[in-house]
Amino acid sequence: RHADINLAVRLVRISGQGGEMVLEGMTMTSVAEPGIEDLALGDGTFAVKRLSFNDSKSGAAFHMNDLQLKANTSDSGNGNVDSAMDMRLKTIELTGDRFGPAVLAMAFRNLDAGAVARINKQVRELRRQKNMPQDQQGMMMMATMASELGNLLKKGPVIEITELSL
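For clarity, every value in this text was computed on a predicted model and none was experimentally measured. Here the residue index of a chain counts from 1 through its sequence in written order. Under the rules for a predicted model, residues below a pLDDT of 70 receive no local features and side-chain atom pairs below 80 are neither given nor counted, while totals for whole chains, interfaces and linings still include all residues. Side-chain measures here rest on the full set of heavy atoms in the structure, leaving out hydrogens and waters.

Caption draft 1: Structural view of helix 1 (residues 113-128). Runs of H or I in DSSP of at least four residues are treated as helices and runs of E of at least two as strands, each being numbered from the N terminus. To estimate the expected span of a helix, subtract one from its residue number and multiply by 1.5 Å. Taking 1.5 Å of rise per residue, 16 residues should cover 22 Å, and helix 1 covers 23 Å from first to last C-alpha, within 8% of that figure. Counting of polar contacts relies on pairs of N or O atoms within 3.5 Å, with two restrictions inside protein: one atom must be capable of donating a hydrogen and the other of accepting it, and residues adjacent in sequence are counted only when both atoms are side-chain atoms. Among the residues of helix 1, the N-terminal cap falls to Asp-112, whose side-chain oxygen and the backbone nitrogen of Gly-114 are separated by 3.3 Å.

Caption draft 2: Geometry of the packing of helix 1 against helix 2 (residues 134-153). Packing of helix 1 against helix 2 brings their axes to within 9 Å, and their N-to-C directions diverge by 170°. Overall, the two elements helix 1 and helix 2 adopt an arrangement that is roughly antiparallel. Contact residues: Ala-115, Val-116, Arg-118, Ile-119, Gln-122, Val-123, Leu-126 and Arg-127 in helix 1; Gln-137, Met-140, Met-141, Thr-144, Met-145, Glu-148, Asn-151 and Leu-152 in helix 2. Residue classes follow a fixed rule: Ala, Val, Leu, Ile, Met, Phe, Trp, Tyr, Cys and Pro count as nonpolar, while Asp, Glu, Lys and Arg count as charged, and any other residue, Gly among them, counts as polar. For the contact of helix 1 with helix 2, the per-class residue count stands at nine nonpolar, four polar and three charged. Only the stretch in contact is used when a helix axis is fitted, and all axes are lines through C-alpha atoms; the angle between N-to-C directions ranges over 0 to 180 degrees. Roughly parallel covers angles under 35 degrees, roughly antiparallel covers those over 145, roughly perpendicular covers 65 to 115, and oblique covers all other angles. Contact criterion: two residues are considered in contact whenever any of their non-hydrogen atoms come within 4.5 Å of each other.

Caption draft 3: Quick peek at the environment of Ser-83. Note that Ser-83 resides in strand 5 (residues 80-94). Along the sequence, Ser-83 and Thr-73 sit 10 residues apart, while their C-alpha atoms lie 4.3 Å from each other. In terms of polar contacts, Ser-83 uses its side chain to reach the side chain of Thr-73, at 3.3 Å.

Caption draft 4: Structural detail: the pairing of strand 2 (residues 19-34). As paired elements, strand 1 (residues 3-16) and strand 2 share 13 bridges and run antiparallel to each other. Looking at strand 2, one finds that Gly-16 is bridged to Gly-19. Two strands make a pair as long as DSSP finds a minimum of two bridges between them. Adjacent in sequence and paired antiparallel, strand 1 and strand 2 are bridged by two residues. Here strand 2 pairs with strand 3 (residues 40-55) via 15 bridges, running antiparallel. Opposite Gly-19, over in strand 3, you have Asp-55 as the bridge partner.

Caption draft 5: The arrangement of unusual backbone geometry in detail. Cis geometry is adopted by the peptide bond preceding Pro-101, which originates at Gly-100 and carries an omega value of 0°. The topology assignment puts Pro-101 in the loop between strand 6 (97-99) and strand 7 (102-112). Of note, the phi angle at Asp-38 is positive, near 65°, even though the residue is not glycine. Relative to the helices and strands, Asp-38 resides in the loop between strand 2 and strand 3.

Caption draft 6: Spotlight on the pattern of salt bridges. Salt-bridge detection follows one rule: a side-chain nitrogen of Lys or Arg within 4 Å of a carboxyl oxygen of Asp or Glu. Scanning all chains against the criterion turns up eight salt bridges. Between Asp-66 and Lys-49 there is a salt bridge, with the nearest N and O atoms lying 3.0 Å from each other. Pair noted here: Asp-66 is in strand 4 (residues 61-77) and Lys-49 is in strand 3, with a separation of 17 residues, a long-range link. For Lys-49, a relative accessible area of 49% translates into the label partly exposed. Residue Arg-88 is joined to Asp-86 by a salt bridge in which the shortest nitrogen-to-oxygen separation is 2.9 Å. A 1.4 Å probe rolled over the protein chains alone gives each residue an accessible area, and that area as a share of the maximum for its type sets the label: buried under 20%, exposed over 50%, partly exposed in between. In this structure Arg-88 comes out as partly exposed when scored by relative accessible area, which is 31%. We classify Asp-86 as buried; its relative accessible area is 19%. Several salt bridges share partner residues, and in doing so they unite Asp-86, Arg-88 and Glu-163 into one network.

See the structure below:
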């Protein structure tokens, strides 16, 4: 079940009397292979050149520029997986106030692959239950995490923040 995804969207514009949403330059790539415990292991990227929301009635506006996400999940041996994520954002503008740039690079290391696989399976099953209210789904996901917490912690997991800039 090898999966390669390459998606590129040049422009999406949705307009109405109340405002407008514009998405420019979105790309997504993913290369994944089934690995330990049948977890999808590989690399992925996601980028958006610009995302804007404008409310013409209130004058509220949100603009995000140059978002880049990179992620990797790999088998680190001994029944563990490692996962790393790098997020970079040039600017966010909220009704005239500008923030940025921002960077967050972090990794989760030594996660028990069996516990991660059981959490993934439960989350997929919960998402299939379309008639379950979202708040109840959220509580069930938290219960799943809590039930697997001991297994996630048993191999000395590490959360590493390698870069943080706001």
